[in-house]
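Letter by letter, the chains look like this.
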Amino acid sequence: MSKKALITGITGQDGSYMAEFLLAKGYQVYGLTRRTSTITTERIKHIAANIQLVEGDLTDQHSLTHVVREIKPDEVYNLAAQSFVPSSFKQPVLTGEVTALGVTRILEAIRVGYPQAKFYQASSSEMYGKAQEVPQTEHTPFYPRSPYGVAKLYGHWITVNYRESYNMFACSGICFNHESPRRGTEFVTRKITQGVARIKLGKQKKLLMGNLDAKRDWGFAGDYVEAMWLMLQQENPEDFVIGTGETHSVKEFLVEAFKAVGIKNWQDWVEIDKNFYRPAEVDLLIADPKKAFTKLNWKPKTSFSQLVAMMIKNDLKKEEAGV
Ligand code: NAP
Ligand code: G4F
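Residues numbered from 1 in each chain as written. Chains lettered and ligands numbered in written order. Predicted model: local features only at pLDDT ≥ 70, side-chain atom pairs only at ≥ 80, totals over all residues. Heavy atoms only, no water.

Undergrad: Help me get a handle on the overall build of the protein, residues and values and all.
TA: Looking only at helices and strands, the protein has 10 helices and 13 strands in total. With the C-alpha coordinates of the protein rotated into their principal frame, the extents come out at 60 × 45 × 40 Å. The proportion of buried residues among the 323 residues of the protein is 54%. Restricting to contacts in the protein with at least 6 residues of sequence separation, those with at least 24 account for 78%. In the protein, 41 side chains carry a positive charge and 36 a negative one; their mean positions are 3 Å apart. (Helix = DSSP H or I, 4+ residues; strand = E, 2+ residues; numbered from the N terminus. Buried < 20%, exposed > 50% of the residue type's maximum accessible area, 1.4 Å probe, protein only. Contact = heavy atoms within 4.5 Å. Lys, Arg positive; Asp, Glu negative; His and termini not counted. Charge placed at Lys NZ, Arg CZ, Asp CG, Glu CD.)

Right, dumping it as structure tokens:
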């Protein structure tokens, strides 16, 4: 009998890679989707025939309990969230409802509906915020700097709490930024690669940017879903930092993207717009992923320049085709 996995956030970047990954491993894949007025399944349309979508929402306890009771999944990957940091400043209460309390709701659904299911929580390096230590490990104290970071911290600790209180197999991956051609265009990497592709093709004149000095540990989302899966294959549930161990500034990402299309004078095309600055910034994130490297035997396969090249190539192709 093949294993069953339930993915919340299957329509998102990570959910789509996770669904592909689990299908390749022979899983029956179920994905939670919420009702929307326009189609959100663009990222999973190529695998639509092989997955089963079930309706529910992280703000609705009943739908989650019902879905878990019906499916009885061996593994649950909670990848759904309001995941955009600037929106969390604009919608702090909604972010708390979905990104924080949503975790309790799905954990409760498992606890009452199918407690033997293994649970993965998508924790975030945003929880380190004003970083208290460089690089960041599983033991670095947290200091979130946005309603999103605060909500993720709640989700992280409620996962620990359910593991300790109810002996559930529940664990978190503290994932550093991971990107891909499927990244939403509001996030900085994809905003850059889409903008640079458009500039190269003469479709855009300026790229308006925020803080270019912020530094992030950027990896490829396709590599990170393997680490998430490996965490649920361990003997015991534990939390892991997942990242590359390398950090780059937003400016470095910009330079690399312009270089990839053969434009040298990148400053001519970029303007700073204070509207993209945040009320509180996270200046420097860099993972110490030693525990994942040794215990999970996981390593990222994609370098920084390969990631930029992959994203640029995709955006050039899309912009050329006009999609
Ligand atoms: P994403 O592309 O923004 O996807 C978010 C997903 O959550 C979408 O499928 C979205 O559905 C779903 N969702 C939002 N609100 C929901 C609700 N109320 N009920 C049910 N589903 C809801 O995010 P991602 O980049 O794939 O990230 C996956 C997870 O990892 C998130 O929890 C994120 O916070 C976390 N994380 C991401 C990174 C990263 O660098 N990517 C790093 C650390 C942690 P719709 O399509 O309907 O909007
Ligand atoms: O791409 P970003 O919006 O990602 P951020 O805030 O680091 O959050 C992402 O990674 C987290 C993991 O650490 C996830 F948990 C979270 O869900 C999300 O996936 O911004 C990166 C940096 C920031 O410092 C921001 O100030 O880029 C800077 N930035 C500079 N100009 C910009 C821009 N960010 C955006 N989105 N747009 C700009 O124009």
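Undergrad: Quick one: what's the story with the site of ligand 2, residue by residue and with numbers?
TA: Taken together, 23 residues form the shell around ligand 2, and within it Ser124, Ser125, Tyr148, Arg278 and Glu281 come nearest. Taking Arg278, its side chain carries an N or O atom lying 2.6 Å from an oxygen atom of ligand 2. Starting from 720 Å² of accessible surface for ligand 2 in isolation, the protein chains cover 96%. Class assignment of the residues belonging to the shell around ligand 2 gives a composition of 10 nonpolar, six polar and seven charged. The residues that make up the shell around ligand 2 include at least three from each of domain 1 (4-178 + 218-242) and domain 2 (185-216 + 247-284 + 302-321). (Near = heavy atom within 4 Å. Polar contact = N/O pair within 3.5 Å; in protein donor to acceptor, adjacent residues only side chain to side chain. Areas by Shrake-Rupley, 256 points an atom, 1.4 Å probe, with all protein chains shown as cover. Nonpolar A, V, L, I, M, F, W, Y, C, P; charged D, E, K, R; others polar. Domains from an automatic or database assignment.)

Undergrad: Tell me about the side chain of Asn78, and please be specific about residues and values.
TA: Along the chain, the position of Asn78 falls in strand 4 (residues 75-78). In this view, Asn78 contacts Thr8, Leu58, Val103, Ile106, Phe119, Tyr120, Gln121 and Ala122; residues no more than four positions away in its chain are not counted.

Undergrad: Any details on the nonpolar core? Residues and values, ideally.
TA: Ranked by internal contacts, the top residues of the largest apolar core, which has 57 residues, are Leu22, Tyr77, Tyr120, Met228 and Ile242. Top element by residues in this core is helix 7 (residues 221-232). It accounts for nine residues. For this core, the two domains that each supply at least three residues are domain 1 (4-178 + 218-242) and domain 2 (185-216 + 247-284 + 302-321). Those residues in contact with Leu22, other than ones at most four positions away along the chain, are Ala5, Ile7, Tyr27, Val29, Tyr77 and Trp229. Counting 24 residues, the second largest nonpolar core, distinct from the first, contains Leu32, Ile71, Leu107 and Phe119. (Core = buried A, V, L, I, M, F, W, Y, C linked by side-chain atoms within 4.5 Å.)

Undergrad: So what about the site of ligand 1? Which residues, and what values?
TA: Neighbouring residues of ligand 1: 24 residues in total, closest Thr11, Asp14, Arg34, Ser83 and Tyr148. Here an oxygen atom of ligand 1 and a backbone polar atom of Asp14 are 2.8 Å apart. Separating a nitrogen atom of ligand 1 from a side-chain N or O atom of Asp57 is a distance of 2.8 Å. Bound to the protein, ligand 1 loses 89% of the 900 Å² it would expose on its own.

Undergrad: Account for the sheet that holds strand 4, with residues named and values stated.
TA: In spatial order, the strands read 3-2-1-4-5-6-11; together these seven strands make up an open sheet with parallel pairing. Edge strands, defined here as strands with exactly one partner in the open sheet, are strand 3 (51-55) and strand 11 (240-242). Geometrically, the sheet is characterised by an average inter-axis angle of 25° between neighbouring strands, direction not taken into account. By the bridge criterion, three bridges tie strand 6 (residues 170-175) to strand 11 in an arrangement that is parallel. Within the sheet, the bridge partner assigned to Cys175 lies in strand 11 and is Ile242. Running at roughly 170° to strand 1 (residues 4-8), helix 1 (residues 13-24) makes contact with strand 1, strand 2 (28-33), strand 3 and strand 4 of the sheet. Helix 5 (residues 147-166) contacts strand 5 (118-124) and strand 6 of the sheet and is inclined by roughly 155° relative to strand 5. (Pairing = 2+ DSSP bridges. Axes fitted to C-alpha atoms, helices over the stretch in contact; angles between N-to-C directions.)

Undergrad: Which residues make up the layout of surface pockets, and what values do they have?
TA: For the second largest pocket, the calculated volume is near 360 Å³. In terms of lining, the second largest pocket is formed by Tyr17, Glu42, Arg43, His46, Pro181, Arg182, Arg183, Gly184, Thr185, Arg190, Asn314 and Lys318. Taken together, the residues of the lining of the second largest pocket sort by class into two nonpolar, four polar and six charged. Three or more residues apiece are contributed to the lining of the second largest pocket by two domains, here domain 1 (4-178 + 218-242) and domain 2 (185-216 + 247-284 + 302-321). (1 Å grid on protein atoms, 1.4 Å probe; cavity = no way out; pocket = protein on both sides within 12 Å on 5 of 7 lines; lining within 4 Å. Points joined across faces, edges and corners; volume = space filled by probe spheres on them.)

Undergrad: With reference to specific residues and values, describe the pattern of salt bridges.
TA: Considering all chains together, one arrives at 17 salt bridges under this definition. The closest approach of N and O atoms between Glu42 and Lys45, which form a salt bridge, is 2.6 Å. Here Glu42 matches Lys45 in class, with each residue exposed. Here Glu126 and Arg216 are joined by a salt bridge, their closest N and O atoms 3.7 Å apart. Placement of the pair is Glu126 in the loop between strand 5 and helix 5 and Arg216 in strand 9 (residues 215-216), with a sequence separation of 90 residues. The exposure class assigned to Glu126 is buried, which follows from its relative accessible area of 7%. (Salt bridge = Lys/Arg side-chain N within 4 Å of Asp/Glu carboxyl O.)

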